[in-house]
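Now for the letters of each chain:
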Amino acid sequence: MGEVYLAQDTRLGRKVAIKVLPAEFASDPERLARFEQEARAAAALNHPHIAVVHDIGTEGDTHFMVQEYLEGDTLREPLQKGALPLKKALGLATEIAEALAAAHAAGIIHRDLKPENIFVTKEGHAKVLDFGLAKLTEVAGAGSPGGATQSPTMMGTVAGQVMGTAGYMAPEQVEGSEEIDHRADLFAFGCVLYEMAAGRQAFAGESIHDTLHRIGHREPKPLDEIDDSLPSQLLWIVRKSLAKEPAKRYQTAGDLVVDVQTLGTDVESGAALPTTPVAVETVRGIPWKLAAPIAVAIALLAAFGVWITIPSLPESIVRRFFIDYPPETTFQRFFSAGVAISPDGSSVVFAANRQLWLRAIDDLVATPIRGTEGARGPFFSPDGQQLGFWGSDGQMKKVSITGGAPLSLGPAPEQAYGASWADDGYIYFGQGAGGILRVSENGSDPKTVAEMADGEQAYGPRLLPGGEWLLYTLLSGSISWNNAIIVAQPVAGGERKELGIVGTDGRYVPTGHIVYSLQDNLLAVPFDAGNIEVAGGPVPIVEGVRQAFGGFSGASQYAFSDRGGLVYMPGAGASGAFQLAWVDRNDQVELLPFEPRSSLNLDLSPDDQQIALEIQGDDGDWDIWIYEIGRGGSGVLLTTESSNRLPVWSPNGEWVFFASDRSGSNDIWKRRADRSLDVEPVLHMETAVWPRSISDDGEMLLFESGLPPNLDVGILALDTQEPKMLVDTPANEFWPSFSPDGRFVAFLSNETGQDEVYVREVTSGRTFPVSTSTRGGRTPRWSQDGREIYYRSAVGSGILVAELDVESFSASDPLELSNIITPLLGPFDVTADGQKFLVTVPAGNDETGGTAPGTRLNVVLNWFEELKQRVPTGGS
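Residues numbered from 1 in each chain as written. Predicted model: local features only at pLDDT ≥ 70, side-chain atom pairs only at ≥ 80, totals over all residues. Heavy atoms only, no water.

Throughout the structure, instances matching the rule amount to 25 salt bridges. Across the pair Arg-662 and Glu-641 runs a salt bridge whose closest N-O atoms are separated by 3.8 Å. Of this pair, Arg-662 sits in the loop between β43 (655-660) and β44 (667-672) while Glu-641 sits in the loop between β41 (635-637) and β42 (644-649); the two residues are 21 residues apart in sequence, bridging distant segments of the chain. Look at Glu-641 and you get exposed, because its relative accessible area is 57%. A salt bridge links Asp-674 to Arg-672; its shortest N-O distance comes to 3.6 Å. Connected through salt bridges with shared partners, the residues Arg-76, Glu-116 and Glu-195 form a single ionic network. (Salt bridge = Lys/Arg side-chain N within 4 Å of Asp/Glu carboxyl O. Helix = DSSP H or I, 4+ residues; strand = E, 2+ residues; numbered from the N terminus. Buried < 20%, exposed > 50% of the residue type's maximum accessible area, 1.4 Å probe, protein only.)

A sheet is described by the order of its strands in space; here 4 strands give the open sequence β50-β51-β52-β53, paired in antiparallel fashion. One side of each edge strand has no neighbouring strand; the edge strands of this open sheet are β50 (733-738) and β53 (767-769). Averaged over all pairs of adjacent strands, the angle between strand axes in this sheet comes to 25°, irrespective of strand direction. In the sheet, strand β52 (residues 756-761) pairs with β53 via 3 bridges, with the strands oriented antiparallel. For Arg-760, the partnering residue across the bridge sits in β53 and is Thr-767. (Pairing = 2+ DSSP bridges. Axes fitted to C-alpha atoms, helices over the stretch in contact; angles between N-to-C directions.)

Here we come to the pairing of strand β48 (residues 712-717). In terms of residue burial, β48 counts as a mostly covered element, since 6 of its 6 residues are buried. A two-sided burial pattern is seen for β48, the buried positions comprising Asp-712, Gly-714 and Leu-716 on one face and Val-713, Ile-715 and Ala-717 on the other. Both strand β47 (residues 700-705) and β48 contribute to a ladder of 6 bridges, which runs antiparallel. Residue pairing across strands places Leu-702 opposite Ile-715, the latter belonging to β48. Bridging between β48 and strand β49 (residues 722-727) involves 5 bridges; their strand directions are antiparallel. By the bridge assignment for β49, Leu-716 is matched with Pro-723. Turn length for the β48-β49 hairpin, with the two strands adjacent in sequence and antiparallel, is 4 residues, and the turn residue Gln-721 shows positive phi of about 60°.

On to the packing of aromatic side chains, then. According to the stated counting rule, one finds 16 aromatic pairs in the structure shown. Between Phe-560 and Phe-864, the ring centres sit 6.0 Å apart and the planes meet at 70°, which makes this aromatic pair edge-to-face. Taken together, the residues Phe-560 in strand β34 (residues 558-560) and Phe-864 in helix α13 (residues 863-870) connect sequence positions 304 residues apart. Classification of Phe-864 by relative accessible area gives buried; the value is 9%. Seen from their ring centres, Trp-625 and Tyr-627 are 6.5 Å apart, and the 20° between their planes marks the pair as stacked. (Phe/Tyr/Trp six-rings, centres within 6.5 Å; stacked < 30°, edge-to-face > 60°.)

Time to look at the pairing of strand β31 (residues 521-528). For a regular strand, side chains alternate in direction, first toward one face of the sheet and then toward the other. Among the 8 residues in β31, 6 count as buried, and that is most of the element. For strand β30 (residues 513-518) and β31, the ladder comprises 6 bridges, and the chain directions are antiparallel. In the sheet register, Val-515 faces β31, and the bridge partner there is Ala-524. The turn linking β30 back onto β31 is made up of 2 residues, and Gln-519 within it adopts a positive phi angle of 55°. Judged from the 4 bridges that link them, β31 and strand β33 (residues 539-543) form a sheet pairing that is antiparallel. What sits directly across from Leu-522, in β33, is Val-542. As paired elements, β31 and strand β32 (residues 533-534) share 2 bridges and run antiparallel to each other. When the sheet's bridge partners are listed, Asp-528 is paired in β32 with Glu-533. Adjacent in sequence and paired antiparallel, β31 and β32 are bridged by 4 residues, among which Ile-532 carries a positive phi angle near 55°.

Have a look at this one:
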């Protein structure tokens, strides 16, 4: 870039370096102005690992820059001798990453990071040079005679051509993209780190063009093939930095700093995992090759009455790291676990963007699995080569982990969750009130292996060792998952056994424990699998594990492998925090000033001025709150005691009806909205009942009866208190809603295999579909004139509207009004004029309502070692 002189600053009495710029770079006034702008920005940087720019100036036709004087060599000098010692390389890498983070925070991109621009002082610290100078190179003509652009490593540019140094350029720079951002620096950092660890360039080719081709289309030789003693964490960092697509790299230099610093600390402490683990068996922590002769020695010494003590060697090291979700990830609400790990711990699968994704533990990028579009609830086969899942077409399926055409195994009930693929060749799953069922891994009709009594639901079955007992979650006479218990039941039939565990998603661990979920914590108890009994008290072991996203079940988002790897979705509470928002027909979003809470079902008052909302409290129970829209964010608690859900306003706005288990069974109650009277019972039946809609004359109440997957629609005359069934079939019918004139009822049914919206005339029973079979439907709401029905799509997040022709008993093709990304199954309400929709959006996301519970999955390697230390079983 020019000639550099050593000079003396006579005013401050210090040595400085003066860089004189070649005339061809300074002859164009526009180029010079752009350079000076960049240079001044670089001069504003103040960081210990960035070379300081003291001044820029002109003397006649000579343009120069005054920089900090440094003693030492560029990084290129030691790299010419080969790879750097690992601790040295990581120390320099941390300082380089910190320099990038500081520059990026100031809005400055280097664009030409390479060993020649990294100085290593005689004290051994990194100084990054020439921030901002790449801008000068960018505007210099590629054909400039002489100068740096003709060097064998520098590629000059004009618009649409490449800029940077061959071998350290990001693929988007090679392609001449106009969208070059800070992530290009992170790619160059990966190249530099690779070279420090390997002693060779990552993309060195026989020519510049060969090098550029390698950057865009080939991967560098894996570091573990060069040096298998390098830690696996280093491979992850390098591979993520060198991802071809910017969205798959580190997104900030700050994240890079954290990972490199952590690796450096682990290397110092000896905790870094080698790329190729030593594959030897151990006896009490002693390598097997040593254990055999030691055992012989012990036997001989014991025969002579000699006692010796074998010193205990260090336990396996527990390591933690993250798996990033794909960019712009969104989630539907979770009925079942959204994450799984293979039995050998080598791969993780998670559900996101209505797709299953596979991420190898030793990889940095997750890839979608072909054939799993619309899938939920993934679970691995015992050999780890296949995945089971619930399909969007109402079928349980399996598919190879490499993708392909999935094979249907049988019906997939919507309310099922917690399927497990056992060694006996069966897949076990819970179906709520339908009990525990199983299907053959090759496909068969479901067979019931554990029946439920009235008011009971069963989920999440797992076979215990020996294959004779099932462990599962039982919910009985309650609508709060915090009252669920873990039970065991013989597979061949017989009386179940309560284990004294309050929680959900219990799973047996080979260490002799049962791990289970309670709210957002994982707990463990010692367990005697031979006698099927708990052998100790519960101990919290992992905090902040998300339960079912949306509160529809007690499914906890965690999984572990047979070899001790744990993966879980971090989060708090059973449903996450939500905010209320208005969405209009143009997708404009207005967040309401209410404190984000774990909330779900809601109902607008008839005058659109109040909201009845169910909110989950700190104790895990649900209560009904009333908010006045015009009075800011304060609310009034309407219910207490037990769990209270599904608020429904009376047409006159004086009463709120709701479901409650306060009497020991799930009944319908009501209370005046002004709280002037205590709660009053409305309907009790032998099965659970849930309020949904009240006719405009206030005389009739629509309710759901039963438990999924056997819900039916009933109607109650409020004056006589006489209920009767309105829609009662083997299918699941739910979410009924009266038309304004009370003549029709809209409801959901899964008769076709997915939820669809239907309209039924109350008197005649004539029924016609509203939603299309390709999109399905959710949560129907009527317009005020009764001529339209609003509902959610079952395969997307939009709000749809269909016009009704009640004379011909038909509906128009639906029109999408809003595509706001709200939770797939989230309820909504519509104002009387049909212009605005009241929805819940996850808190902490942007105003578009992205539903991701977080950006990462947490992974813990050798987690079993930690579990055994924290919850001793008393065994060997």
